[in-house]
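Examining the three-dimensional arrangement
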Amino acid sequence: MKILFISHEASRTGAPFVLLHLCKWLKENTNVKIDVLFLSDGPMLSEFKQCSESTFIKESPHPGYLKRAIRKISPSFYNQYFGNKQVKKLSGNNYSAIY
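Small disclaimer: the values here were computed from a predicted structure and weren't measured. (Residues numbered from 1 in each chain as written. Predicted model: local features only at pLDDT ≥ 70, side-chain atom pairs only at ≥ 80, totals over all residues. Heavy atoms only, no water.)

1. A short note on the overall build of the chain
Of regular secondary structure, the chain possesses 5 helices and 4 strands. Its helices and strands in sequence order give the chain the pattern β-α-β-α-β-α-α-α-β, from N to C terminus. Sorting the 99 residues of the chain into buried and exposed places 31% on the buried side. Sequence separation of 24 or more characterises 59% of the internal contacts of the chain that already satisfy a separation of 6 or more. Element-wise, carbon and sulfur atoms account for 56% of the exposed surface of the chain, whose accessible area totals about 6700 Å². (Helix = DSSP H or I, 4+ residues; strand = E, 2+ residues; numbered from the N terminus. Buried < 20%, exposed > 50% of the residue type's maximum accessible area, 1.4 Å probe, protein only. Contact = heavy atoms within 4.5 Å. Areas by Shrake-Rupley, 256 points an atom, 1.4 Å probe, with all protein chains shown as cover.)

2. Side note on the side chain of serine 7
Relative to the assigned elements, serine 7 resides in strand S1 (residues 2-7). A residue is classified by how much of its surface remains accessible, and serine 7, at 7% relative accessible area, is buried. Side-chain polar atoms of serine 7 contact the backbone oxygen of glutamate 9, separated by 3.2 Å. Apart from residues no more than four positions distant in its own chain, serine 7 is found in contact with Pro16, Leu19, Leu37, Phe38 and Leu39. (Polar contact = N/O pair within 3.5 Å; in protein donor to acceptor, adjacent residues only side chain to side chain.)

3. Quick word on the sheet that holds S1
In space, the 4 strands of this open sheet follow the order S3-S2-S1-S4, with parallel pairing throughout. The two strands at the open ends of the sheet, each matched to only one other strand, are strand S3 (54-57) and strand S4 (97-98). (Pairing = 2+ DSSP bridges.)

4. Comments concerning a nonpolar patch on the surface
On the surface, a cluster of nonpolar side chains totalling about 280 Å² of accessible area is made up of Ile6, Leu39 and Ile98. By the element assignment, leucine 39 lies in the loop between strand S2 (33-38) and helix H2 (45-51). Residue leucine 39 is classed as partly exposed on the basis of its relative accessible area, which comes to 45%. (Patch = residues over 30% accessible without salt bridge, like charges linked within 9 Å, V, L, I, M, F, W, Y side chains within 5 Å. Salt bridge = Lys/Arg side-chain N within 4 Å of Asp/Glu carboxyl O.)

5. Here we look at the packing of aromatic side chains
Counted according to the given criterion, the structure contains 2 aromatic pairs. Relative to phenylalanine 48, the ring of phenylalanine 38 has its centre 4.9 Å away and its plane inclined at 70 degrees; by these criteria the two rings are edge-to-face. Residue phenylalanine 38 is located in strand S2, and its partner phenylalanine 48 is located in helix H2; the two are separated by 10 residues in the primary sequence. Across this residue pair, the class does not change: phenylalanine 38 and phenylalanine 48 are buried. (Phe/Tyr/Trp six-rings, centres within 6.5 Å; stacked < 30°, edge-to-face > 60°.)

Okay, here's the thing in structure tokens:
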């Protein structure tokens, strides 16, 4: 079984702490493989990396000047080479559950 957990950030606040403890418990007591996707970085990222198979940080929604220019000039080229790389990568992992 493989689960993808999605969290807003890896900060030292309530929800990320609970998620970290859940991931640690699952790793120690089950055969579940865990991946974690964060919407932004944080100081607990290294702790999540220790108890999960993979950790991902969502790409910035604000691309740089070059990517924005390419997107305006050729949207199809932009989508092919830059758009939703993480979505494509994560969708091929065949998760049993996403939480």
